[in-house]
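Fold and geometry: a report
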Amino acid sequence: MMKLPCEIIVSQLLPTARGALAKELVKVHGYTQIEVAGKFGVTSAAVSQYINGLRGGNPLIDGSSYREQFYREISDSADRISAGEDITVELCCLCVFFKESGMLQEIYSKKGSEKPISQCMECPRKNMVPPRSIPRA
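Residue numbers restart at each chain and count upward from 1, following the sequence in its written direction. With the structure being a predicted model, the display of local features is reserved for residues of pLDDT at least 70 and the display and counting of side-chain atom pairs for 80 or more, all residues being used for whole-chain, interface and lining totals. Calculation of side-chain values draws on the structure's entire complement of heavy atoms; hydrogens and water are dropped beforehand.

**Re the overall build of the protein**
- Looking only at helices and strands, the protein has 7 helices and 0 strands in total.
- Listed by position from the N terminus, the elements making up the protein come as α-α-α-α-α-α-α.
- Working rule for contacts: check all heavy atoms of both residues, and any pair within 4.5 Å makes them a contact. A separation of at least 24 residues holds for 73% of the contacts in the protein among residues at least 6 apart in sequence.
- Areas reported as accessible are Shrake-Rupley estimates using a 1.4 Å probe. Residue values count occlusion only from the protein chains shown. With an accessible surface of roughly 7,700 Å², the protein has 53% of that area assigned to carbon and sulfur atoms. A run of DSSP states H or I qualifies as a helix once it reaches four residues; a run of E qualifies as a strand once it reaches two. Both are numbered from the N-terminal end.

**A closer look at the nonpolar core**
- Core analysis: the biggest nonpolar cluster contains 32 residues, and L13, L21, F40, F70, F98 and M103 have the highest contact counts within it.
- Taken together, the elements giving at least two residues each to this core come down to helix 1 (5-27), helix 2 (33-40), helix 3 (44-51), helix 4 (59-62), helix 5 (67-82), helix 6 (87-101) and helix 7 (103-110).
- Setting aside its immediate chain neighbours within four residues, F98 contacts I9, L13, L14, A17, F70, M103 and L104. Definition of nonpolar core: a set of buried residues of the types Ala, Val, Leu, Ile, Met, Phe, Trp, Tyr and Cys, connected through side-chain atoms within 4.5 Å. Summary of the burial criterion: residues with accessible area below 20% of their type's maximum are buried, those above 50% are exposed, and those between are partly exposed, where the area comes from a 1.4 Å probe applied to protein chains only.

**As for the packing of helix 1 against helix 7**
- Angles here are taken between N-to-C directions and fall from 0 to 180 degrees, while the axes themselves are lines fitted to C-alpha atoms, restricted in helices to the stretch in contact. Direction vectors running N to C along helix 1 and helix 7 enclose 80 degrees, while the axes themselves pass 11 Å from each other. Judged on the interaxial angle alone, helix 7 and helix 1 are roughly perpendicular. Residue-level inspection shows P5, I8, I9, Q12 and L13 of helix 1 in contact with helix 7, the latter providing M103, L104, I107 and Y108.
- Of the residues belonging to the contact of helix 1 with helix 7, the class tally is 8 nonpolar, 1 polar and no charged. The labels follow the angle: roughly parallel below 35 degrees, roughly antiparallel above 145, roughly perpendicular from 65 to 115, and oblique for the rest. When residue character is reported, Ala, Val, Leu, Ile, Met, Phe, Trp, Tyr, Cys and Pro are called nonpolar, Asp, Glu, Lys and Arg charged, and the others, Gly included, polar.

**Overview of the packing of aromatic side chains**
- In this analysis, rings of Phe, Tyr and Trp, with Trp reduced to its six-membered ring, are considered paired at centre separations within 6.5 Å, and the interplanar angle assigns stacked below 30 degrees, edge-to-face beyond 60, and tilted for intermediate values. One pass over the full model with this rule turns up 4 aromatic pairs.
- When the ring of F70 is compared with that of Y71, the centres are 4.8 Å apart and the planes differ by 85 degrees; the resulting orientation is edge-to-face.
- Judged by relative accessible area, Y71 falls into the partly exposed class, the value being 27%.
- Pairing F97 with F98 gives two aromatic rings, centres 6.0 Å apart and planes at 55 degrees, and the pair type is tilted. The same class applies to F97 and to F98, which are both buried.
- Feature note: the residues F70, Y71, F97 and F98 constitute an aromatic cluster, connected by ring pairs.

**Comments concerning helix 1**
- Expected helix span is given by 1.5 Å per residue-to-residue step, counting one fewer step than there are residues. In this model helix 1 runs 31 Å from its N-terminal to its C-terminal C-alpha over 23 residues, within 8% of the 33 Å that 1.5 Å per residue would give.
- Most pronounced at L13, the bend in helix 1 amounts to some 45 degrees, and the proline P15 follows within four residues. A residue's bend is the angle separating two fitted axes: one through the seven residues that end there, the other through the seven that start there.

**So, the pattern of salt bridges**
- Here, a salt bridge means any Lys or Arg side-chain nitrogen found within 4 Å of an Asp or Glu carboxyl oxygen. This model, assessed by the stated rule, comprises 2 salt bridges.
- Where R67 meets D62, a salt bridge forms, and the shortest distance between an N and an O atom there is 3.5 Å.
- Given the relative accessible area of 36%, R67 is considered partly exposed.
- Among the salt bridges present, the one from R80 reaches E90, with a minimum N-O distance of 3.0 Å. Remark: E90 occurs in helix 6 and R80 occurs in helix 5; sequence separation between them is 10 residues.
- On the accessibility criterion, R80 (23% relative accessible area) is partly exposed.

**Focus: the packing of helix 5 against helix 6**
- Interaxial distance between helix 5 and helix 6 falls to 10 Å at its minimum, and their mutual angle equals 160 degrees. Relative to helix 6, the element helix 5 is oriented roughly antiparallel. Classified by chirality, the crossing of helix 6 by helix 5 is right-handed. Along the contact surface, helix 5 presents Q69, F70, E73, I74, S77, R80 and I81, while helix 6 presents I87, E90, L94, F97, F98 and S101.
- Residue classes in the contact of helix 5 with helix 6 are distributed as 7 nonpolar, 3 polar and 3 charged. For any helix crossing, the convention is left-handed if the near helix is rotated counterclockwise from the far helix by under a right angle, and right-handed if that rotation is clockwise.

Next up, the structure:
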């Protein structure tokens, strides 16, 4: 059975993005774990697990040809969050990056599918996401 793009994003990509964002916000921007937890809507224990690598890692991303671009996007998102941007907007922007960069298709293929990933419907939050140019690798 073919998974929907959103299922792959939620199970494979978003946890790693949240973990990387948590690390970046704490280590680079000086947020406390409690502040990050409040922004993410999780407990500070969950943020601690993100920071210590017990939650949110994905070897498919670290082995991806999009790895460097992914972590640049995370860094840029953390900068914008630190400057006051809403976390929801930034996570939506990361979702757009996953789809438009080709990273989602690559992860889908690495999970064993030879078929192209099915197309998404237009995201209901698309009107929240500021247009950004997403370079392809």
